[in-house]
Amino acid sequence: MSEETRQLLQISEANPHIRRLVRIGSMVVGGSRPVIIAGPCAVEPAYVEQAMSCAGAGIDALRACLFKPRTHPDSFQGLGAAALPLLAEVRQRTGLPLISEVLAVEDAEALGESVDGFQVGARSMHNVRLLEALGELGRPVLLKRGLAATIDEWIAASEYIRRRGNDEVVLCERGIRTFEPRTRNTLDLNAVLIARELTDLPVIVDPSHAAGNRDWVPALARAALAVGADGLLVEAHPAPALAWTDSAQAIDVAELTELVIATVVAAAGR
Ligand code: PEP
Ligand code: MN
């Protein structure tokens, strides 16, 4: 961590009125350079090679989801705790922070120290007991906006974590359900501006679950950077067509590299 970032962290901790810097392992969210968190939707058996390949693009942190909230119970539900050794190997080989979705407090306990941050998915944003438990655990939380949550409901959900003494929260806009069926969700970039006005928390954008189609992900990611997002959460896979989950929206490593460059360019313009 640079001396400048260290000083910014100290200032942010001492002053509640400026953008809070949230540290997730070696990654700092909310600073002058937007971060990029990427990787396959779910951890698959070939995760180590996939993660190494994504890491090579120059990202700041990896998606590392073992527990998946799938719409149908017959769908792949994630490898679960049996895949913890894959996370350990990836952490050791890439040195990158890992962020993993939790559906229940038991998932967070199973992940323990194997990951650097917990993701609360759109379907779980209203689970106040989970939010409170994550507040007690005190580890960084990436809180997605619910499928049909207003901006105020999303920020209120973040308060369930913060009131238990954990301010290490990053908000993530991932599109909301509207009358428009041509995209998976409708990306609400207004929410980035408004959430950043209403809270001191950093706000990142997930263009993958908004678009549902890899062709639209790069442009939406750039739009998010243009409105001042503090980072991106992107589904990426070395062989997108072979991804076990959310294959249609996964970008490849060349496209991911372009997005990493876009974050550097965005930082220069801020
Ligand atoms: C995910 O990030 O894979 C995910 C399930 O996203 P969301 O909760 O936004 O649907
Ligand atoms: Mn997904």
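Below you will find a few notes about this structure. Because the structure is a prediction, the values reported are computed rather than measured. (Residues numbered from 1 in each chain as written. Chains lettered and ligands numbered in written order. Predicted model: local features only at pLDDT ≥ 70, side-chain atom pairs only at ≥ 80, totals over all residues. Heavy atoms only, no water.)

### Structural notes on the overall build of the chain
1) Next: Secondary structure summary: the chain contains ten helices and ten strands in total.
2) Next: Taken against the 2.2 N^0.38 rule, which gives 18 Å for 270 residues, the C-alpha radius of gyration of the chain at 17 Å falls within 12% of a compact globule.
3) Next: Counting all 270 residues of the chain, 54% fall into the buried class.
4) Next: Intrachain contacts of the chain at a sequence separation of at least 6 include 66% that bridge at least 24 residues.
5) Next: Accessible surface, the chain: about 11400 Å² in total, of which carbon and sulfur atoms supply 53%. (Helix = DSSP H or I, 4+ residues; strand = E, 2+ residues; numbered from the N terminus. Rg over C-alpha atoms; globule rule 2.2 N^0.38 Å. Buried < 20%, exposed > 50% of the residue type's maximum accessible area, 1.4 Å probe, protein only. Contact = heavy atoms within 4.5 Å. Areas by Shrake-Rupley, 256 points an atom, 1.4 Å probe, with all protein chains shown as cover.)

### Describing the side chain of Thr-245
1) Next: As for its position among the elements, Thr-245 is in the loop between β10 (231-235) and α10 (253-268).
2) Next: Setting aside chain neighbours within four positions, we find Thr-245 in contact with Cys-41, Ala-42, Glu-44, Arg-70 and Phe-76.

### Considerations on the layout of surface pockets
1) Next: Estimated volume of the largest pocket: approximately 380 Å³.
2) Next: Along its surface, the largest pocket is lined by 28 residues, and Arg-123, Arg-174, Arg-184, His-209 and Asp-246 are the ones closest to its centre. (1 Å grid on protein atoms, 1.4 Å probe; cavity = no way out; pocket = protein on both sides within 12 Å on 5 of 7 lines; lining within 4 Å. Points joined across faces, edges and corners; volume = space filled by probe spheres on them.)

### Notes on the coordination of the manganese ion (ligand 2)
1) Next: Around the manganese ion (ligand 2), the protein supplies Cys-41 (SG), His-209 (NE2), Glu-235 (OE) and Asp-246 (OD) as donor atoms, at distances of 2.0 to 2.4 Å.
2) Next: Of note, the donors binding the manganese ion (ligand 2) are all from one chain and are spaced C-x167-H-x25-E-x10-D. With Glu-235 in strand β10 and Asp-246 in the loop between β10 and α10, the pair connects residues that are eleven residues apart, well separated along the chain. (Donors = N, O, S within 2.8 Å, 3.2 Å for Na, K, Ca; no water.)

### A few points about a nonpolar patch on the surface
1) Next: On the surface, Leu-8, Ile-11 and Ile-18 cluster together into a nonpolar patch covering about 230 Å² of accessible area.
2) Next: Relative to the helices and strands, Leu-8 resides in helix α1 (residues 3-14). (Patch = residues over 30% accessible without salt bridge, like charges linked within 9 Å, V, L, I, M, F, W, Y side chains within 5 Å. Salt bridge = Lys/Arg side-chain N within 4 Å of Asp/Glu carboxyl O.)

### So, the site of ligand 1
1) Next: Neighbouring ligand 1 are the residues Cys-41, Arg-63, Lys-68, Glu-101, Gln-119, Gly-121, Ala-122, Arg-123, Lys-144, Arg-174, His-209 and Glu-235.
2) Next: A distance of 3.0 Å separates an oxygen atom of ligand 1 from a polar side-chain atom of Gln-119.
3) Next: Within the side chain of Lys-144, an N or O atom sits 2.9 Å from an oxygen atom of ligand 1.
4) Next: Taking 300 Å² as the accessible area of ligand 1 by itself, protein coverage stands at 97%.
5) Next: Using a 2 Å cut-off from the grid points, one finds that ligand 1 occupies the largest pocket.
6) Next: Residues that form the shell around ligand 1 fall into these classes: two nonpolar, three polar and seven charged. (Near = heavy atom within 4 Å. Polar contact = N/O pair within 3.5 Å; in protein donor to acceptor, adjacent residues only side chain to side chain. Sits in = over half its atoms within 2 Å of the grid points. Nonpolar A, V, L, I, M, F, W, Y, C, P; charged D, E, K, R; others polar.)

Spatial relationships are all this shows, so hold off on functional conclusions.
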